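# Structural overview for review
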Amino acid sequence: MKWVVVQPQVFVDFTNNEILLYDTEKSTCFISGDDDLISLIHQLYEPMNMGVLRKEQIHNCESEDIRKAFNEGFLVEKSLPIGKRPVNFLPIPNIQYDLEKENTTGIEQLKKFRNTLNLVTALYFQLTDGYAYGDVAASRNRVAKQYSTPSYHNTQNVLSPTLLNSILSEARFTQLINIDILIASEGLSKEYLNVLEQHRFNYHFHVYNQDFETLIRSLNSQKKILISCYCEDITTIRHFNLQEIANISVEYIGLVEKEIENSETYDRLLPVWNDTNQVFFRENVFLESNEILSSKYTFDDIFRHKKINDNFFGALMIHPSGDITPYLSDAIVGQCSYEQNNLQKAVKKELIENHRWRLTRDKGTCKNCIKRFLCPSITSFECNFRVPKICFK
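The paragraphs below set out a description of the structure included in this document. Owing to the predicted nature of the structure, the values given are computational and were not obtained by experimental measurement. (Residues numbered from 1 in each chain as written. Predicted model: local features only at pLDDT ≥ 70, side-chain atom pairs only at ≥ 80, totals over all residues. Heavy atoms only, no water.)

Next up on the list: the sheet that holds strand β1 (residues 2-6). Taken together, the three strands give an open sheet; going across it, the order is β5-β1-β6, and neighbouring strands pair in antiparallel fashion. In this open sheet, the two strands that pair with only one neighbour each are β5 (52-54) and β6 (75-79). Pairs of neighbouring strands in the sheet enclose a mean axial angle of 30 degrees, with direction left out of account. Looking at chain direction, β1 and β5 are connected through three bridges and run antiparallel. Opposite Val5, over in β5, you have Val52 as the bridge partner. (Pairing = 2+ DSSP bridges. Helix = DSSP H or I, 4+ residues; strand = E, 2+ residues; numbered from the N terminus. Axes fitted to C-alpha atoms, helices over the stretch in contact; angles between N-to-C directions.)

Before going further, it helps to examine the packing of aromatic side chains. What characterises a pair of aromatic rings is the spacing of the ring centres plus the angle enclosed by the ring planes. Per the stated rule, a full pass over the model turns up 15 aromatic pairs. An angle of 75 degrees between the planes, with centres 6.4 Å apart, marks the rings of Phe11 and Phe303 as edge-to-face. Of this pair, Phe11 sits in strand β2 (residues 10-14) while Phe303 sits in helix α10 (residues 299-307), placing them 292 residues apart in sequence. Residue Phe11 is classed as buried on the basis of its relative accessible area, which comes to 3%. Summarising the aromatic geometry, the rings of Trp273 and Phe286 are spaced 6.3 Å apart at their centres and angled 35 degrees between planes, so their arrangement reads as tilted. Of the two residues, Trp273 sits in the loop between β12 (268-271) and α8 (278-284) while Phe286 sits in the loop between α8 and β13 (287-288), which places them 13 residues apart along the sequence. In this structure an aromatic cluster arises from ring pairing among Tyr147, Trp273, Phe280, Phe281, Phe286 and Phe381. The ring of Tyr208 carries Arg140 above its face, with NZ or CZ at 4.0 Å from the centroid. (Phe/Tyr/Trp six-rings, centres within 6.5 Å; stacked < 30°, edge-to-face > 60°. Buried < 20%, exposed > 50% of the residue type's maximum accessible area, 1.4 Å probe, protein only. Lys NZ or Arg CZ within 6 Å of the ring centre and 35° of its normal.)

Reading across from one edge, β2-β3-β4 is the order of the three strands in this open sheet, with antiparallel pairing throughout. Every other strand in the sheet has two partners, leaving β2 and β4 (28-32) as the edge strands with one partner each. With strand direction ignored, the average angle separating the axes of adjacent strands in the sheet is 15 degrees.

Right, let's talk about the pairing of strand β7 (residues 122-126) for a bit. Burial of β7 is extensive: five of the five residues sit out of reach of the surface. Burial of the side chains of β7 extends over both faces: Ala122, Tyr124 and Gln126 are buried on one face and Leu123 and Phe125 on the other. The pairing of β7 with strand β8 (residues 178-183) spans three bridges and is parallel. Each bridged residue has a counterpart across the sheet, and for Gln126 the counterpart in β8 is Leu182.

Next up on the list: the pairing of strand β10 (residues 225-231). The element β10 is largely enclosed, with a buried count of six among its seven residues. Pairing geometry for strand β9 (residues 202-208) and β10, over six bridges, is parallel. Pairing of His206 across the sheet is with Ser228, part of β10. For the segment spanning β9, helix α7 (residues 209-218) and β10, crossover handedness is right-handed. Both β10 and strand β11 (residues 248-256) contribute to a ladder of seven bridges, which runs parallel. Residue Leu226 lies in a different strand from β11, and its bridge partner there is Ser249. (Right-handed = clockwise from strand over helix to strand, strands pointing away.)

The structure is reproduced here in structure tokens:
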């Protein structure tokens, strides 16, 4: 008896009038709008069929796209003795903890999490508001909506060392090894350093080049430290002599809004959106359709794209005002206080309200695109600026 089988390593997705077949082993892709192929795959994916159909059950098997699906290995034909049926284990994501599981509420699903703090993947602290004037403040605040750089305001809020200690104490119950700290305008006082030394974490400081030397001179720690030094202008970069500070590593990052010369001066470059440099982004950041389709993904990668945003998931920011927000978001999901469970409450609120962590491409402007789960997750450019998507056909 002959059977038609969809290969178990093939990811299948449907939109309105198209189907996507993506082989996670070969990294090959087939997109079709053929009604016969779409109907056949729908039949194969019915629960009673489990990816297997007797060939005699298929009435329209002669379309060009169905033949192509067989020729390229997305579908195969198997012959077995009468009474035998192929066993086909189709990949299905585990939705036991899915907050969008049918017939449940997010609050009900949250009860299944033993420790929501295990979901925290990063904590970014800005201890004080940076102070800058006019265009400098505006430019840096625009960057702060795209990357983990300090923001600048006239309010001069300060997150007290005592409150910092309280939040870091709760963070001990996460899986974090490193804590990110955004430094604006000043180094670290002894009070802050004393708090940092009390905890088990290593620290990653983010600072602008103009404030880098002040930070270096204020550090007096035996902990492992990484400093990301952000440079807005290639002429301002200055490599500090760190030969005698063995526990400190520095990376110099260029913030660029256009093509630059001597890019090798930096360890890496970050493109900065400014609402007028669409051409620069189109040529250097945005993806063409063929780049998306040639991506190499595992099932884990694709299912991750379906359920979470891996640019933001698990990351929280603690601001000088005490506000807790999802990473690179203005949505307030918590407020630092001396009570316990500040982080835990913020995690639960973000999981329910979904400002960033579960913001996937099937929920935005890309929801009807057949390539939606082969694309990188939604970016800060799309969330915080007038960028509808990061691809073009």
